[in-house]
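Residues per chain, in single letters:
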Amino acid sequence: MLFDQEDRTLDDDLLTEPPPRERRTARWLVVLAAFSALVLLAVGAGGLWVKGKVDPSGPPGEEIAFEIPRGATTSAIADQLAEAGIISSAEVFRWYLRVKGGGPFEAGQYQLAKNSSMGDVVKALEEGPALPPAVSLTVPESLWVEEVATRVDQIEHLDGARFLELVNSGTIRSKFQPEGVTTMEGLLYPETYRIEETETEEDVLRRMVSTFDQVADEVGLGDAQARVGVSPYEAIIVASLIEAEAKDDGDRPKIARVIYNRLEQGIPLGIDATFYYHLGLERKGTGLRTSDLEQDHEFNTRLRQGLIPHPIAMPRRASLEAALNPEPGPWLYYVLQDPRTHFFTDDYDEFINAKNRAQRDGLIP
């Protein structure tokens, strides 16, 4: 019996102790588990490190001026940002752009905060550089070039006399300005312009002329001959007359039709605004005298037939469109019937009655 007990004990030991191969496999599993744990720990730590670089702790710091020079690569910009303390790592930023996307970025001045998240920096750079300091220059319709120069002179760093000198020099021209025409009346577009501190009188003049040309192209001024039987420049003259006369947009196409009807029938236009242009700024809008109407000159539209030599006012889009799209009608006369709108007719007696009413109501002198 004792032998049997020892025999059973020996058999139990043999059964509970793993074979050598299994013992080696178990050891490798333990090593692999430990290694995996280390890898996961390293990845987690690396992830936290990268996250700290991408989105650093704490609020953004002070805002500073940051300039991207022309031709700078995205990699070079990353180095600049890191050197300025805006981002924490140029290398991580480059990887961030590869993963998230972004760039190239526009050259110019930016306001960026130190210790910013990379997402905020990319968003700010993609919005583009801040606009340089500037002032507004409002140029209303109906002005003469001389009046535009006065407004330009009110901009601190610009000189109205220099602007007028450039206007008269002929060095800057509209595409719609015929050869031999030196005046730029009617060829500067009425608009509110943003004038930067670095811009010169020449820059401002070029912008006004190019804006006019762009608007004129958009309304189809180049097709004037086919549409209304006058040259593009003559259509600008008509638009300037409309601008000087109309107060309401609805009247503009009708005034255009009156002008074309009178031209076709050889009737003088009889537009008082042309007299004021001849008399000069000191008389603009002051009222016409009998002696003013009797002077024979190329702007006397009561004595002379046809169009005046050049525009007398800066027409806006609505007047250019009206000059190219006159409203069909037989009208030959118009007169104010209230402070904004005109009464139109082709009957002279009806016109005289309407004119008397306008005088009685104080609408016209």
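Model, not experiment: these values are computed from the prediction. (Residues numbered from 1 in each chain as written. Predicted model: local features only at pLDDT ≥ 70, side-chain atom pairs only at ≥ 80, totals over all residues. Heavy atoms only, no water.)

Side note on the packing of aromatic side chains
Rule in force here: Here a Phe, Tyr or Trp ring, Trp counted by its six-membered ring, pairs with any other such ring whose centre lies within 6.5 Å, and the pair is stacked when the planes are under 30 degrees apart, edge-to-face when over 60, and tilted otherwise. Per the convention used, a helix needs a DSSP run of H or I reaching at least four residues, while a strand needs a run of E reaching at least two, with both numbered from the N terminus. Accessible area is worked out with a 1.4 Å probe on protein chains only. A residue is then buried under 20% of its type maximum, exposed over 50%, and partly exposed in between.
The full count for this structure, using the stated rule, is seven aromatic pairs. For the pair tryptophan 144 and tyrosine 277, a centre-to-centre distance of 5.0 Å together with 75° between the ring planes defines the contact as edge-to-face. With tryptophan 144 in the loop between strand 3 (134-138) and helix 6 (145-153) and tyrosine 277 in helix 12 (residues 273-279), this residue pair connects regions lying 133 residues apart in the sequence. Tyrosine 277 carries the same exposure label as tryptophan 144, and that label is buried.

Here's the deal with the environment of valine 167
For clarity, the threshold we go by: The contact rule is simple, with two residues in contact once any of their heavy atoms fall within 4.5 Å.
Its place among the elements puts valine 167 in helix 7 (residues 160-169). Remark: the alpha-carbon pair of valine 167 and alanine 149, spanning 18 residues in sequence, is separated by 9.2 Å. Leaving out residues up to four positions away in the same chain, valine 167 has contacts with Val145, Thr182, Met184 and Leu205.

Some details on the packing of helix 3 (residues 74-83) against helix 4 (residues 90-100)
Here is the rule: Geometry is summarised by axes, namely lines fitted to C-alpha atoms with helices restricted to the contacting stretch, and by angles between N-to-C directions that run from 0 to 180 degrees. If an angle is under 35 degrees, it is roughly parallel; if it is over 145, roughly antiparallel; if it lies from 65 to 115, roughly perpendicular; otherwise it is oblique. Less than a right angle of anticlockwise turn of the near helix away from the far helix marks a crossing as left-handed, whereas a clockwise turn marks it as right-handed.
Packing of helix 3 against helix 4 brings their axes to within 8 Å, and their N-to-C directions diverge by 135°. When the axes of helix 3 and helix 4 are compared, the pair comes out oblique. Classified by chirality, the crossing of helix 4 by helix 3 is right-handed. When helix 3 is examined against helix 4, the residues Thr74, Ser75, Ala78, Asp79, Leu81 and Ala82 are found in contact with a partner set consisting of Ala90, Phe93, Arg94 and Leu97.

What to know about the side chain of asparagine 300
By the element assignment, asparagine 300 lies in the loop between helix 13 (290-294) and helix 14 (317-324). Of the residues examined, asparagine 300 reaches a relative accessible area of 0% and is grouped as buried. Aside from chain neighbours lying at most four places away, what touches asparagine 300 is Phe275, Leu293, Glu294 and Gln295.

A word on the pairing of strand 6 (residues 342-345)
Counted only if it meets this: Strand pairing requires that DSSP identify at least two bridges connecting the strands.
Where strand 5 (residues 333-336) lies against strand 6, four bridges are found, and the strand directions are antiparallel. When the sheet's bridge partners are listed, tyrosine 333 is paired in strand 6 with threonine 345. Joining the antiparallel neighbours strand 5 and strand 6 is a turn of five residues.

Examining the confidence of the model for the protein chain
Where we set the bar: Values of pLDDT, ranging from 0 to 100, describe the predictor's confidence in every residue of the model.
Confidence in the prediction for the protein chain averages 89 pLDDT; 87% of positions are at 70 or higher. Of the regions scoring below 50 in pLDDT, residues 1-15 engages in zero contacts with residues more than four places distant in sequence or in other chains. Counting interchain partners and residues more than four positions distant, the pLDDT-below-50 stretch residues 37-46 has zero contacts.

Regarding unusual backbone geometry
Cis geometry marks the peptide bond from glycine 103 to proline 104, where omega comes out at 0°. Along the polypeptide, proline 104 turns up in the loop between helix 4 and strand 2 (108-113). Positive phi, close to 55°, is recorded for asparagine 115, a residue that is not glycine. We classify asparagine 115 as partly exposed; its relative accessible area is 31%. In this structure, serine 142 is a non-glycine residue whose phi angle is positive, near 80°. In this structure, serine 142 sits in the loop between strand 3 and helix 6.

Regarding the pairing of strand 4 (residues 192-196)
Side chains Tyr193 and Ile195 of strand 4 all project onto a buried face; the interleaved residues Thr192, Arg194 and Glu196 project onto a face where none is buried. Looking at chain direction, strand 3 and strand 4 are connected through five bridges and run antiparallel. When the bridges of strand 4 are listed, threonine 138 appears paired with threonine 192.

Here we look at the packing of helix 11 (residues 252-265) against helix 14
Between helix 11 and helix 14, the least distance of the axes is 8 Å, while the angle of their chain directions is 45°. The angle between helix 11 and helix 14 falls in the class oblique. Between helix 11 and helix 14 lies a crossing of right-handed hand. Facing Arg252, Pro253, Ala256 and Tyr260 of helix 11, the residues of helix 14 in contact are Ala318, Ser319, Ala322 and Ala323.

Considering the nonpolar core
The following threshold applies: Residues enter a nonpolar core if they are buried and are Ala, Val, Leu, Ile, Met, Phe, Trp, Tyr or Cys, with the set joined through side-chain atoms within 4.5 Å.
Core analysis: the biggest nonpolar cluster contains 64 residues, and Val148, Phe163, Leu188, Met208 and Ile242 have the highest contact counts within it. Dropping the residues within four chain positions of it, methionine 208 is found in contact with Leu137, Val139, Val148, Val152, Phe163, Leu187, Leu188, Tyr189 and Tyr193. With 21 residues, the next largest nonpolar core counts Phe66, Ala90, Val92 and Leu97 among its residues.

Notes on the pattern of salt bridges
In plain terms, the rule: The term salt bridge refers to a pairing of a side-chain nitrogen on Lys or Arg with a carboxyl oxygen on Asp or Glu at a separation within 4 Å.
Going through the model one piece at a time under the given rule, you end up with 18 salt bridges. Here arginine 316 and glutamate 243 are joined by a salt bridge, their closest N and O atoms 3.7 Å apart. Residue arginine 316 is located in the loop between helix 13 and helix 14, and its partner glutamate 243 is located in helix 10 (residues 232-245); the two are separated by 73 residues in the primary sequence. In this structure arginine 316 comes out as partly exposed when scored by relative accessible area, which is 23%. Residue glutamate 243 is classed as buried on the basis of its relative accessible area, which comes to 3%. For the salt bridge of arginine 252 with aspartate 249, the shortest nitrogen-to-oxygen distance reads 2.7 Å. Exposure remark for arginine 252: the relative accessible area of 2% places this residue in the buried category. Taken together, the shared-partner salt bridges connect Glu141, Glu243, Asp249, Arg252 and Arg316 into one network.

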